[in-house]
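# Observations on the model geometry
Now for the letters of each chain:
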Amino acid sequence: TIPVSTDAQGRLAIGGVTASELAREFGTPLYAYDVGVIRANIRAYRAAFAAHQVDYTVSYAAKAFATIAMFQVAVSEGAHLDVVSGGEIVTAQRAGVNMAHVSFNGNNKSDAELQLALDAGLGTIIVDNRFELNRLEELAAARHVVQDILLRIAPDVSAHTHEYIMTGQADSKFGFDVASGQAHDALIAAQAAPHLNLLGLHAHIGSQIFAVDGFVAEAQKLVDLVRAWDYAPQVLDLGGGFGIQYTDADTPIPPTEFVDALVSTIQTGLADTNWTLPAIWIEPGRSIVGAAGITLYTAGGTKQIPGVRTYQTVDGGMGDNIRPALYQAEYEAVLADRPHAATTQVVTLAGKYCESGDILVERAALPPVVPGDILAVLATGAYGYSMASHYNRNPLPAVVFCEDGQAQVVVRRETWADLVAFDEPYQHD
Ligand code: LLP
């Protein structure tokens, strides 16, 4: 089981607040975050870089969990922000983020999003393809501005992870292909574009990765590329993807190991050039917020199928956490008031959504559970809220931030009325 903290009575606690009390006060389902863990995760990356003589940026990948409060915490710890949509840009603006510290990824940014990015003064736009390169030059020219950019390269490194979250292979919708010469053509075009200032290259190999070798291969690919091009970049951005522990099956690698490997691959790879060592950027998302979050549910009834299994229901499910249904992702669950009680049963934790695949935990070892008990699914801080849906017209849960024994709602719970607020009656005449 993955480690949890408890209060003086041995009940599950988060950020110094008792989980079942959060459930009582704010209702369930509820996303609760330990802000101290978010801070510590960012600090760990920054400390790992600070140990080297290298210019670096740790950009929090907003997609993992994008709210105003989260962005405030990220920047308060010195992180920059990597966004992928107009909505994330506006969230950053509302959070008071210094836009010069924001980078913008994505394979099909709309004109409206590119315009918003230019008008907001985003630090870096990570250009994904030739269409976007040309379009951004036009839009920047129309505004008489020069926009800093990186070129996203498809590094052709296959990371060992679920196919849907594997992004670095050559056959990917993301980034410039190297083998066909498209990446080099883009380099030439970017250098010639009067309203674009090329800072360097970007790559991203995938997500929930535990092996350092994929990142080393990626860094080496970028090094080989800039050497082959005789192009001295100011920035090499290695993306994110550092894995976290969801269950006993996962062995997370400390940030220092990833960072040391990236830094030394780049330092060694460029040692015999007379170039200034590029700044090294990374974009971790999951590893900043994943372990910091839990989701609290109220237990409902059970369905026992003799000789087959017992379904233990909860009041949420695939609407607040699509990952098990989408990626066969595994989680651990505990009874909030007795997280360390001896487990007496293995149940299937099922959600409330009208779909057989709405299973949060296939095999959850738990002590006896009665309806009304609070169950916590652990390590749900990344890609839970950010991928939540209104499926079956269920309102989105609230989000609370907990730190030093204080809890604060940072996203209000939706109501049934909110769900119909955008609907218009149909009138056909
Ligand atoms: N940078 C880029 C360009 C990315 O595409 C991603 C994730 C990240 C950074 C952050 O990766 P992280 O450090 O969070 O692994 N919804 C999936 C994960 C999709 C990740 C997509 N890109 C999931 O729930 O597992």
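Residues numbered from 1 in each chain as written. Predicted model: local features only at pLDDT ≥ 70, side-chain atom pairs only at ≥ 80, totals over all residues.

## Let's talk about the sheet that holds strand S12 (residues 279-282)
To be explicit about the condition: Whether two strands pair depends on DSSP finding at least two bridges between them. Elements are defined by DSSP. Helices are runs of H or I of four residues or more, strands are runs of E of two residues or more, and each kind is numbered from the N terminus. For helices, the fitted axis covers only the stretch in contact; all axes are lines through C-alpha atoms, and the angles between them, taken along N-to-C directions, range from 0 to 180 degrees.
If you walk around this closed barrel you meet the 8 strands as S5-S6-S7-S8-S9-S10-S11-S12, and the pairing is parallel. Averaged over all pairs of adjacent strands, the angle between their axes in this sheet comes to 30°, without regard to strand direction. Sheet analysis places strand S6 (residues 80-83) next to strand S7 (residues 102-104), joined by 3 bridges and oriented parallel. Residue pairing in the sheet places leucine 81 in a bridge with valine 102 of S7.

## Examining helix H6 (residues 130-143)
In plain terms, the rule: Helix span is expected to be 1.5 Å times the residue number reduced by one. With C-beta atoms placed from the backbone, the exposure class of a residue follows from how many other C-beta atoms lie within 10 Å of its own: 20 or more, buried; 12 or fewer, exposed; in between, partly exposed. Working note: the arc is built from the helix axis to C-beta atom directions. A pair of residues counts as a contact when their C-beta atoms, built from backbone coordinates, are separated by no more than 7 Å.
Between the first and last C-alpha of H6 there are 20 Å, a value that for 14 residues agrees with the 20 Å anticipated at 1.5 Å per step. Within H6 the residues assigned to the buried category are Glu132, Leu133, Leu136, Glu137 and Ala140. Mapping the buried residues of H6 onto a view down its axis gives an arc of 135°, with all of them on the same face. Along H6, the residues that are exposed and aim more than 90 degrees away from the buried face are Phe131 and Ala142. Of the surrounding elements, those touching the buried residues of H6 are helix H5 (111-120), strand S8 (124-127), strand S9 (147-152), helix H7 (182-192) and strand S10 (196-202). Positioned one or two residues after H6, histidine 144 has a phi angle of 55°, which is positive.

## Considerations on the pairing of strand S20 (residues 406-411)
Inspection of the sheet shows strand S19 (residues 398-403) paired to S20 by 5 bridges, in the antiparallel sense. Bridge pairing in S20 places phenylalanine 401 opposite glutamine 408. Counting the residues that bridge the hairpin from S19 to S20 gives 2 residues, and of these aspartate 404 lies at a positive phi of roughly 50°.

## Some points on the UniProt feature "binding site: pyridoxal 5'-phosphate" (unreviewed entry) in the chain
Defined as follows: UniProt positions are given in the numbering used here, feature names are shortened, and annotations may be inferred rather than shown by experiment.
What UniProt calls "binding site: pyridoxal 5'-phosphate" (unreviewed entry) maps, in this numbering, to Gly241, Glu283, Pro284, Gly285, Arg286 and Tyr383. Along the chain, the position of glycine 241 falls in the loop between strand S11 (235-237) and helix H9 (255-270). Judged by local crowding, glycine 241 falls into the buried class, with 29 C-beta atoms found within 10 Å. With respect to the helices, strands and loops of the structure, glutamate 283 is situated in the loop between S12 and helix H10 (286-289). Judged by C-beta crowding, with 28 C-beta atoms within 10 Å, glutamate 283 ranks as buried.

## A closer look at the site of the ligand
Rules: For each residue, a C-beta atom is placed from the backbone, and the residue counts as near a molecule or strand when that atom lies within 6 Å of it. In this count, Pro and Cys sit with the nonpolar residues alongside Ala, Val, Leu, Ile, Met, Phe, Trp and Tyr, while Asp, Glu, Lys and Arg are called charged and the others, Gly among them, polar.
Around the ligand, a shell composed of 23 residues is seen, among which Ser207, Gly240, Gly285, Arg286 and Tyr383 lie nearest. Elements supplying a minimum of two residues to the shell around the ligand: H10 and helix H11 (323-327). Its residues assigned to classes, the shell around the ligand comprises 8 nonpolar, 10 polar and 5 charged.

## Brief notes about the environment of leucine 396
If you trace the backbone, leucine 396 turns up in the loop between strand S18 (374-378) and S19. Accessibility expressed as a C-beta count within 10 Å gives 19 for leucine 396, which makes it partly exposed. Separated by 18 residues in sequence, leucine 396 and glutamate 414 have C-alpha atoms that sit 5.4 Å apart. Setting aside residues no more than four positions away along its own chain, leucine 396 makes contact with Ala388 and Glu414.

## Observations concerning the nonpolar core
Condition: Buried Ala, Val, Leu, Ile, Met, Phe, Trp, Tyr and Cys residues form a nonpolar core when they are connected through C-beta atoms within 7 Å. Either an automatic procedure or a domain database provided the assignment from which the domain bounds are taken.
Core analysis: the biggest nonpolar cluster contains 125 residues, and Ala19, Ala32, Leu81, Leu151, Leu296 and Ala376 have the highest contact counts within it. Taken domain by domain, this core gets at least three of its residues from each of domain 1 (5-33 + 291-419) and domain 2 (66-284). When near neighbours in sequence (up to four residues on either side) are disregarded, leucine 81 contacts Ser59, Tyr60, Ala62, Phe71, Ala74, Val75, Ala92, Val97, His101 and Val102.

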